[in-house]
Structures are given as C-alpha cells and as structure tokens.
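Here is how the chains run, residue by residue.
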Amino acid sequence: MQNRFKHIRNSVWIVAVFLCHLTAFSAGNEGSMFVKCEFNKTEFYAHECVCATVWLYSEDADIAYVNELVSPSLRKGEFSYLSRLSQSPKAHRENIKGVDYFVFPLSSYMFTMSNAGKYQMIDGEFEIGINVPVVYNDPFYGRIRGVETHSRRVRMSPSSFKVKSLPPVKEGAPFSGAVGEFEVETIVPKGDIIVNEDASLIIVVKGKGLLGSDILPEYREAFGTGNKLKSFTERTDSFYDGKDIVSEFEMECEFVPTDIKNCEIGVVRFGYFNPETGKYETAESKPVKIDVKSSAVKIAPVYI
C-alpha cells in the first residue's frame with residue numbers, strides 16, 4: 001500500500017513538473033490600453049446633429065473581441081435624438097507622447113441636444129480580449145510558440161461638450177426647425193403630362209444635418225398656377241458619410257394640371273439655421289414650367 005501511495009505521489013510530482021515546464025514562458029507583456037469618446041464638435045448648437053465615436057487605444061494590435069458591458073451615458077440631461085451608426089470611422093494609428101497606439105472604433109452615434117448647457121459623457125465600460133503570443137517549454141517537443149487570449153476590463157474616460165442656444169428667430173422668417181446646411185429642388189419625372197389627369201413630381205431637400213420626421217419645406221405656395229395639389233407622401237433618410245451626418249428628404253406630390261398654356265410649379269422654400277455662419281438662411285428651388293398636353297394626344301390602345 002505504501003508503494004502504491006508513493007507511486008501516486010511520484011506521478012503527481014511528475015505532472016506538476018510537466019505543467020511547470022509547459023507554462024514557464026507563457027506570460028506575455030501586455031501594452032497599455034484606454035478607451036475615450038471623441039466628438040466631431042465639442043461646442044455646438046441645440047438641435048445640431050453631432051457624431052460621437054468611442055475609440056479603443058491599444059499598444060497591442062491583435063484584439064480578439066470587444067464586449068460592451070456598460071453603455072456610455074450622460075452625467076446629467078438627456079439626448080433629444082440618439083441613434084447608433086452602422087458605419088464607423090476607420091481604424092488608424094496614433095503616436096501619443098512617444099507611444100504608438102493602434103486605434104479601433106468600438107461604436108459610433110449621432111445625437112442632438114435640445115437644451116443649452118455643459119454636458120459630460122461617462123460610464124462606458126468594455127471587456128477587451130487580447131491575443132498575446134507565448135512560448136511553451138514542452139518537455140518532449142522543446143519550445144513551442146502559441147497564443148493566449150487575455151481579458152481586460154477598461155472604463156471609458158469622461159468626455160465633455162458644450163451646447164449653445166439658437167439665436168431668436170425673426171418674426172415671419174421661414175424656419176423649419178432644421179439645423180445644418182441644405183438645398184432644395186423640384187424634380188418632374190420624364191413623360192407626358194395630360195391636362196386634368198393625375199401627375200407627380202418630387203421635392204427634394206438634402207444637405208448636412210439631421211432632418212426630423214416633423215420637418216417640411218414651405219410647399220403650399222408652389223402650387224396653384226394652372227394646377228392643384230391632391231396629396232403627397234414623404235420619406236427621410238440620414239446617414240454618416242465618413243465626415244458629416246447627411247440627410248435627404250423626398251416629398252412625392254400628386255397634382256392635377258388644369259391649364260395647358262400656363263402651368264407652373266413655383267418656388268419651394270426651406271428655412272434652416274446654419275451653424276457654420278451662425279445665421280438663419282433660406283434655400284429656394286427654381287420654378288418649373290410644366291409642359292401640359294391635351295388629352296387628344298393620348299395614344300389609343302391597339303387591338304389585334
């Protein structure tokens with residue numbers, strides 16, 4: 001029995017020595033790492049759309065995974081609009097105080113604020129998996145190279161921004177509520193337009209900035225000269241073009257031309273606040289003369 005326990009003790013000792021040799025060179029040196037949030041503007045106007053990107057700065061380039069444990073949030077106040085962007089800026093490298101970092105985008109958002117004041121983004125926490133090269137000292141095969149994935153929890157450092165109030169709007173100014181820089185045009189699709197029959201055109205507003213679902217151009221005065229507006233449908237799309245938030249609003253209008261000789265779509269106006277100039281501005285479309293044809297020009301169906 002004693003010989004049996006002695007044999008077991010010897011076996012355990014051999015396995016311990018084996019593991020000790022196997023892991024003797026497995027510890028790798030991990031570089032420094034931190035997370036911060038950057039804004040494309042740190043001082044901007046209320047209702048101005050801003051892009052925020054959460055970046056991972058790491059001396060190690062081989063990142064295995066990233067898990068968001070706690071989402072970034074405001075210390076006080078709330079966003080009037082917040083949406084995660086499907087497209088993020090590209091990864092790159094930066095040198096900070098002589099240290100080279102690999103910089104990876106973790107998440108990007110576009111947001112607006114309604115109220116002026118000073119704000120701070122806080123609370124972001126992430127679990128980062130790092131692939132670390134290791135060397136195993138195998139008692140049978142010698143030195144073997146491999147990779148271990150180490151996990152680290154990293155908190156985002158707080159980031160501050162300031163929101164300014166919009167200046168007062170002059171009485172009678174055509175302000176839609178949009179903040180950015182926009183243009184407007186009226187597009188009439190190709191094809192014959194027949195008097196007293198339904199026709200359609202598209203009013204397009206596009207530019208830098210966010211267009212909300214409740215924002216419309218001044219379109220009513222554009223109709224009435226040899227035509228009548230029946231109805232319209234609308235859609236809005238916003239996206240990040242790699243530098244700015246860009247929006248495009250399309251308003252498809254169904255109208256009836258009532259005058260063959262004098263049918264025109266007048267000027268469509270869109271008032272907005274331009275944060276670059278600090279002024280309220282108005283974009284105007286060009287009037288469009290409609291070529292209206294008599295119902296006699298309609299081609300009769302051909303029967304065989």
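Residues numbered from 1 in each chain as written. Predicted model: local features only at pLDDT ≥ 70, side-chain atom pairs only at ≥ 80, totals over all residues. Heavy atoms only, no water.

1. Brief notes about the packing of aromatic side chains
Right, so step 1: Enumeration over the complete set of coordinates arrives at 18 aromatic pairs.
Right, so step 2: Arranged with centres 5.6 Å apart and planes meeting at 20 degrees, the rings of Tyr119 and Phe161 form a pair that is stacked. Of the two residues, Tyr119 sits in strand S9 (residues 117–122) while Phe161 sits in strand S12 (residues 159–164), which places them 42 residues apart along the sequence.
Right, so step 3: The interplanar angle of 65 degrees and the centroid separation of 5.2 Å between the aromatic rings of Tyr219 and Phe232 together place this pair among those described as edge-to-face. (Phe/Tyr/Trp six-rings, centres within 6.5 Å; stacked < 30°, edge-to-face > 60°. Helix = DSSP H or I, 4+ residues; strand = E, 2+ residues; numbered from the N terminus.)

2. Here we look at the sheet that holds S12
Right, so step 1: In spatial order, the strands read S2-S12-S9-S5; together these four strands make up an open sheet with mixed pairing. Unpaired on one side and paired on the other, strand S2 (43–45) and strand S5 (73–74) mark the two borders of the sheet.
Right, so step 2: Inspection of the sheet shows S2 paired to S12 by three bridges, in the parallel sense. Bridge pairing in S12 places Glu43 opposite Lys162. (Pairing = 2+ DSSP bridges.)

3. Observations regarding the state of the cysteines
Right, so step 1: For the structure on display, the rule yields zero disulfides.
Right, so step 2: Free of any disulfide, Cys51 has its nearest neighbouring cysteine sulfur in Cys49, separated by 8.1 Å. (Disulfide = S-S within 2.5 Å.)

4. Some details on a nonpolar patch on the surface
Right, so step 1: Judged by side-chain polarity, Phe140, Tyr141 and Ile144 come together as a nonpolar surface patch covering roughly 410 Å² of accessible area.
Right, so step 2: Judged by relative accessible area, Phe140 falls into the exposed class, the value being 67%. (Patch = residues over 30% accessible without salt bridge, like charges linked within 9 Å, V, L, I, M, F, W, Y side chains within 5 Å. Areas by Shrake-Rupley, 256 points an atom, 1.4 Å probe, with all protein chains shown as cover. Salt bridge = Lys/Arg side-chain N within 4 Å of Asp/Glu carboxyl O. Buried < 20%, exposed > 50% of the residue type's maximum accessible area, 1.4 Å probe, protein only.)

5. Some thoughts on the side chain of Ser176
Right, so step 1: As for its placement among the helices and strands, Ser176 is situated in the loop between S12 and strand S13 (178–187).
Right, so step 2: A distance of 3.3 Å separates a polar atom in the side chain of Ser176 from the backbone nitrogen of Ala178.
Right, so step 3: A distance of 2.6 Å separates the side chain of Ser176 from the backbone oxygen of Gly271, its partner in a polar contact.
Right, so step 4: Not counting chain neighbours up to four residues away, the residues in contact with Ser176 comprise Ile215, Leu216, Phe270 and Gly271. (Polar contact = N/O pair within 3.5 Å; in protein donor to acceptor, adjacent residues only side chain to side chain. Contact = heavy atoms within 4.5 Å.)

6. Some details on the nonpolar core
Right, so step 1: One finds Ile203, Leu211 and Phe270 to be the most contacted residues of the largest nonpolar core, which totals 26 residues.
Right, so step 2: Elements supplying a minimum of two residues to this core: S13, strand S15 (199–210), strand S17 (245–257) and strand S19 (269–274).
Right, so step 3: In contact with Ile203, not counting residues within four places along its chain, are Val184, Glu185, Thr186, Pro217, Tyr219, Phe249, Glu250, Met251, Cys253 and Val268.
Right, so step 4: The next biggest cluster of nonpolar side chains, apart from the first, holds 25 residues, and it includes Cys37, Phe44, Val54 and Val163. (Core = buried A, V, L, I, M, F, W, Y, C linked by side-chain atoms within 4.5 Å.)

7. Some words on the pattern of salt bridges
Pairing between side chains becomes possible if they bear opposite charge and their charged atoms approach one another.
Right, so step 1: Per the counting criterion, the structure on display carries twelve salt bridges.
Right, so step 2: The closest approach of N and O atoms between Glu276 and Lys41, which form a salt bridge, is 3.1 Å. Taken together, the positions of Glu276 in the loop between S19 and strand S20 (279–284) and Lys41 in the loop between strand S1 (33–39) and S2 put the pair 235 residues apart, joining distant regions of the chain.
Right, so step 3: When its relative accessible area of 55% is taken as the criterion, Glu276 is described as exposed.
Right, so step 4: The partner of Lys230 in a salt bridge is Glu254, and the shortest N-O contact between them spans 3.8 Å.

8. Notes on the sheet that holds S20
Right, so step 1: Sheet architecture is open: six strands sit in the order S16-S17-S15-S13-S19-S20, paired in mixed fashion. The open sheet has two free edges, formed respectively by strand S16 (227–240) and S20, since each of these has just one partner strand. Between one strand and the next, the sheet's axes are offset by a mean angle of 20 degrees, whatever the strand orientation.
Right, so step 2: With nine bridges joining them, S13 and S15 adopt antiparallel strand pairing. (Axes fitted to C-alpha atoms, helices over the stretch in contact; angles between N-to-C directions.)

9. Points about the environment of Val35
Right, so step 1: Along the chain, Val35 falls in strand S1.
Right, so step 2: Using a relative accessible area of 1% as the deciding quantity, one classes Val35 as buried.
Right, so step 3: In this structure, the C-alpha to C-alpha distance between Val35 and Val103, residues 68 residues apart in sequence, is 9.5 Å.
Right, so step 4: Residues in contact with Val35, not counting those within four places in the same chain, are Val54, Trp55, Leu56, Leu106, Phe126, Val154, Arg155, Met156 and Ser157.

10. Things to note about the confidence of the model for the protein chain
Right, so step 1: On average, residues of the protein chain score 86 in pLDDT, and 87% of them reach the 70 mark or higher.
Right, so step 2: Looking at the elements of the protein chain, mean pLDDT is at its lowest for helix H1 (residues 2–22), recorded as 37, and at its highest for S2, recorded as 97.
Right, so step 3: Note that pLDDT drops below 50 for residues 1–28; the model gives that stretch 16 contacts with residues more than four away or on any other chain. (pLDDT = per-residue confidence, 0-100.)

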